[in-house]
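Structural description and commentary
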Amino acid sequence: MFPPAFGPRMGYLCKYLKKAGWQPVVVTEYIKDDTFSFLADENEVTYVNFYKATGKFTRYMEWLLVFLADLLVNYKDRKMVKVASQLLKEGGYSGILCSTYRTFPLPAAYTLAQRFGLPFIADTRDILEQYASTEYIAHSFHTIPVIDKGIVWLFRKKLLRGRNKALCGANYITTVSPWHTQIMSQYNSNVELIYNGFDPELFYPKQVQTPQFRITYTGRLLSLATRNPQLLFEAIALLSQKHLIQPQDFRVQWYMDRESRETIEQQANLYGVIDFMDFHDYVPAAKIPQILNESSILLQLANLACGNGPKGIMTTKLFESLAVEKPLLCVRSDESYLEEIIHQANAGLAARDVNQVSDFLYKYYLEWKEKGYTTIQIKKDIVEQFSRRKQAEQYMNIFKKLI
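A brief look at the structure comes next. Model, not experiment: these values are computed from the prediction. (Residues numbered from 1 in each chain as written. Predicted model: local features only at pLDDT ≥ 70, side-chain atom pairs only at ≥ 80, totals over all residues. Heavy atoms only, no water.)

**Topic: the sheet that holds strand β6 (residues 191–193)**
On the basis of which strands lie adjacent, the open sheet formed by 4 strands has the order β3-β4-β5-β6 and parallel pairing. The sheet terminates laterally at β3 (96–100) and β6, the two strands that pair on one side only. Sheet twist, expressed as the mean angle between neighbouring strand axes with direction ignored, is 20°. Across 5 bridges, the pairing between β3 and strand β4 (residues 120–124) is parallel. Within β4, the residue paired with C98 across the bridge is A122. (Pairing = 2+ DSSP bridges. Helix = DSSP H or I, 4+ residues; strand = E, 2+ residues; numbered from the N terminus. Axes fitted to C-alpha atoms, helices over the stretch in contact; angles between N-to-C directions.)

What follows is the structure in structure tokens.
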């Protein structure tokens, strides 16, 4: 995906490539979404639209038909190859970079690199192995459970086969965490870690006094197995029972989609803390810096990275939270690389138990009552390495080696 839809990693990369005098040309799937519209300006982009139906039933049937065609004959990758080939035939290109959250369109990029004799970098933002379950599938199939399970197994097998073939054929793999680097090194010896990050032109600290103490979360909740807010709700309930906080000035702000909201509401009701919750729709990404700077604590949702738990997930919002230098609360700690970065940057708490969370919340609640805002002494040298500008330099250096 690419802006205006949700595609910050490649959107910011193109921004800083252009600033450095490079000319990125993008071919991407069309997604009806304006979240990152401010990153779409002046980019040379060709959008490939696989879905055109408008009615709810027809949209689902169209999705199902495209899914089956893709499963059986690689429909989406074939179409992507056809469209991109028209551009590459014009010549003048130095390489191909393909970024994926699953597999598509890595097979297309691999085919194009071979056909046109170009260096090929495969960027794996998210991989199937990182998820706790099947959160990487957008829709359920609504058949009987045993058939659904069989379709998922077949789909996963196909995705991994196509992905791994492309990874083995890439000149370089880039990926987003040390855990991902370990997994990717099984397929290719040339792997470089390029974290997600923040745009230094947009995300920087500002002290803003607020009339309420605000804990803020922006993003989806794929599943409780992947991101579990339990410790937060337990801590709020504990502080409320001790009469240390009250809903009038202690608020948790959620900016999320309807499905995620329903899950949070259910959990908040379960722990008796729904009165502390505020729900908002997604907002354009350009408004996120202001929302973060007007927060008292920035929330990261995670879970233990072991067994069937999520692994290596370090989202863009982690690094944007570091950049604005607000206290960061991660619940639950992954007890892995996410916790390590939070500790290295002195950014806040990666919590392992409810007492840690309640102490952390109350400490900053008291600071807010005194000042109207909260502060934390971030280690700037750690945070600066996650700048989108520096990450663009990493990509340029890789291409220079290959070219």
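**Quick look at the layout of surface pockets**
In this approach, a probe sized like a water molecule rolls over the atoms, and the result shows the empty space that is left. Roughly 200 Å³ of internal volume is contained in the second largest pocket. Lining the second largest pocket are 15 residues, and of these F198, P200, K380, V383 and E384 lie nearest its centre. If you list the elements that add at least two residues to the lining of the second largest pocket, you get α10 (316–323), α13 (380–384) and α14 (388–402). For the lining of the second largest pocket, the element with the highest residue contribution is α13, accounting for 3 residues. Along the lines of polarity and charge, the residues of the lining of the second largest pocket split into 9 nonpolar, 1 polar and 5 charged. (1 Å grid on protein atoms, 1.4 Å probe; cavity = no way out; pocket = protein on both sides within 12 Å on 5 of 7 lines; lining within 4 Å. Points joined across faces, edges and corners; volume = space filled by probe spheres on them. Nonpolar A, V, L, I, M, F, W, Y, C, P; charged D, E, K, R; others polar.)

**What to know about the packing of helix α7 (residues 230–241) against helix α12 (residues 354–371)**
Running from N to C, α7 and α12 point in directions that differ by 60°, and their axes come no closer than 8 Å. Pair α7 / α12 crosses with right-handed handedness. Every residue of α12 that contacts α7 at L231, L232, E234, A235, I236, L238 and L239 is listed here: V354, N355, V357, S358, L361 and Y362. When the residues that make up the contact of α7 with α12 are grouped by side-chain class, the tally is 10 nonpolar, 2 polar and 1 charged. (Left-handed = near helix turned anticlockwise from the far one by under 90°. Contact = heavy atoms within 4.5 Å.)

**Re empty space enclosed by the protein**
The full count for this structure, using the stated rule, is 3 cavities of 30 Å³ or more. What the largest cavity holds in volume is close to 150 Å³. In terms of lining, the largest cavity is formed by 18 residues, of which the most central are L301, A302, I313, M314 and L338. Those elements that provide at least two residues to the lining of the largest cavity are β10 (297–301) and α10.

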